[in-house]
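Residue strings, one per chain:
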Amino acid sequence: MEARQACAELANHNLLDMASEGFYEIGEIRFRMGDLQAAEEAFREAHQLGRNPNPGMALLRMAQGKADAAWTSISRAVDESVGGDRLARARLLPAYVEMAIAMDNLKAASAAVQELEETAEAFGTQALHAFARQARGSLLLAEGDAEGALDGLRHAFKHWKEAEAPYEAARARMATAEAAERLG
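Worth saying up front: this structure is predicted, and the values here are computed from it rather than measured.

Turning our attention to unusual backbone geometry. Looking along the chain, the bond that leaves Asn54 and enters Pro55 is cis, with omega of 15°. In this structure, Pro55 sits in the loop between helix H3 (36-48) and helix H4 (56-63). Here the phi dihedral of Asp104 falls at roughly 60°; this positive angle occurs in a residue that is not glycine. As for its position among the elements, Asp104 is in the loop between helix H6 (86-102) and helix H7 (106-123). A residue is classified by how much of its surface remains accessible, and Asp104, at 62% relative accessible area, is exposed.

See below:
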């Protein structure tokens, strides 16, 4: 509630970039809490103030069972980011990979994983390495290589834990469990 009020005050003072980013973050939090309606409202407010609502809005659409809308949304955002800020584009790629796999478009997922890995190498941040490892592990799992996926997913979990990102660490742990289950 206080975060929403702060964002509204920022918007009233014509600090739209900060307000839009704040609303986007509220959307992310609400999405992670499972409050899809509040997440959608926050993403819409962020968008109205000028922030691209992706990848959050696309992930929300996927969670709502609207896979085609999610794929269209994230694909458009990735296409529009070509030639722009590599880090901004890298924020879109993990969701793009996730949705490409869900849509059984492993070729698109593979290209995005490779780009994410290259960006992680170039910038060297813990989070980028974790995203890249998790994306590679998810792709390998989708391709039927559970053993290869297991290594990458374990490394992703380690990176997320070191980065003190519990939600992402939990997602990596769940994917690791799926790979281990496939191996028996």
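On to the packing of aromatic side chains. In the structure shown here, the tally under the stated rule is 3 aromatic pairs. Judged by centre distance (4.7 Å) and plane angle (85°), the rings of Phe131 and Trp160 are edge-to-face. Of this pair, Phe131 sits in helix H8 (residues 126-142) while Trp160 sits in helix H9 (residues 146-162), and the two are 29 residues apart along the sequence. Phe131 gets classed as partly exposed once you look at its relative accessible area, which sits at 28%. Among the residues examined, Trp160 registers a relative accessible area of 3% and is labelled buried. The aromatic ring of Tyr24 is capped on one face by Arg51, whose charged end is 3.5 Å from the ring centroid. The ring of Phe157 is capped by Arg173, whose NZ or CZ atom sits 4.0 Å from the centre of that ring.

Looking now at the pattern of salt bridges. As enumerated under the stated definition, the model contains 11 salt bridges in all. In this structure, the salt-bridge partner of Glu168 is Arg32, at a minimum N-O distance of 2.6 Å. On the criterion of sequence distance, the pair formed by Glu168 in helix H10 (residues 166-183) and Arg32 in helix H2 (residues 16-33) is long-range, its members being 136 residues apart. Exposure remark for Glu168: the relative accessible area of 15% places this residue in the buried category. Accessibility expressed as a relative area gives 38% for Arg32, which makes it partly exposed. With a shortest N-O distance of 3.0 Å, Glu40 and Arg61 are connected by a salt bridge. Residue Glu40 is located in helix H3, and its partner Arg61 is located in helix H4; the two are separated by 21 residues in the primary sequence. In terms of burial, Glu40 and Arg61 fall into one category: buried.

Moving on: the nonpolar core. Counting 35 residues, the largest nonpolar core has Trp71, Ile74, Tyr96, Met99 and Leu116 as the members making the most contacts within it. Among the elements of the structure, H2, H3, H4, helix H5 (67-80), H6, H7 and H8 are those that each provide at least two residues to this core. Take this core: its biggest share by element is 8 residues, from H6. When near neighbours in sequence (up to four residues on either side) are disregarded, Met99 contacts Ala58, Leu59, Met62, Ala70, Trp71 and Ile74. Counting residues in hydrophobic clusters, the runner-up holds 8 residues, among them Leu140, Leu141, Ala146 and Leu153.

Let's shift gears to the environment of Trp71. Note that Trp71 resides in helix H5. The exposure class assigned to Trp71 is buried, which follows from its relative accessible area of 17%. Separated by 47 residues in sequence, Trp71 and Tyr24 have C-alpha atoms that sit 19 Å apart. Other than its neighbours up to four places away in sequence, Trp71 contacts Tyr96, Met99, Ala100, Met103, Asn105 and Ala108.

The next subject is the layout of surface pockets. Of the pockets and cavities examined, the largest pocket occupies roughly 1,400 Å³. Contributing to the lining of the largest pocket are 45 residues, with Pro55, Leu59, Arg91, Pro94 and Phe131 lying nearest its centre. Listed by contribution, the elements that provide at least two residues to the lining of the largest pocket are H2, H4, H5, H6, H8 and H10. No other element matches the 12 residues that H6 contributes to the lining of the largest pocket. For the lining of the largest pocket, the class distribution of residues is 24 nonpolar, 7 polar and 14 charged.

Cut-offs applied
- Residues numbered from 1 in each chain as written.
- Predicted model: local features only at pLDDT ≥ 70, side-chain atom pairs only at ≥ 80, totals over all residues.
- Heavy atoms only, no water.
- Helix = DSSP H or I, 4+ residues; strand = E, 2+ residues; numbered from the N terminus.
- Buried < 20%, exposed > 50% of the residue type's maximum accessible area, 1.4 Å probe, protein only.
- Phe/Tyr/Trp six-rings, centres within 6.5 Å; stacked < 30°, edge-to-face > 60°.
- Lys NZ or Arg CZ within 6 Å of the ring centre and 35° of its normal.
- Salt bridge = Lys/Arg side-chain N within 4 Å of Asp/Glu carboxyl O.
- Core = buried A, V, L, I, M, F, W, Y, C linked by side-chain atoms within 4.5 Å.
- Contact = heavy atoms within 4.5 Å.
- 1 Å grid on protein atoms, 1.4 Å probe; cavity = no way out; pocket = protein on both sides within 12 Å on 5 of 7 lines; lining within 4 Å.
- Points joined across faces, edges and corners; volume = space filled by probe spheres on them.
- Nonpolar A, V, L, I, M, F, W, Y, C, P; charged D, E, K, R; others polar.

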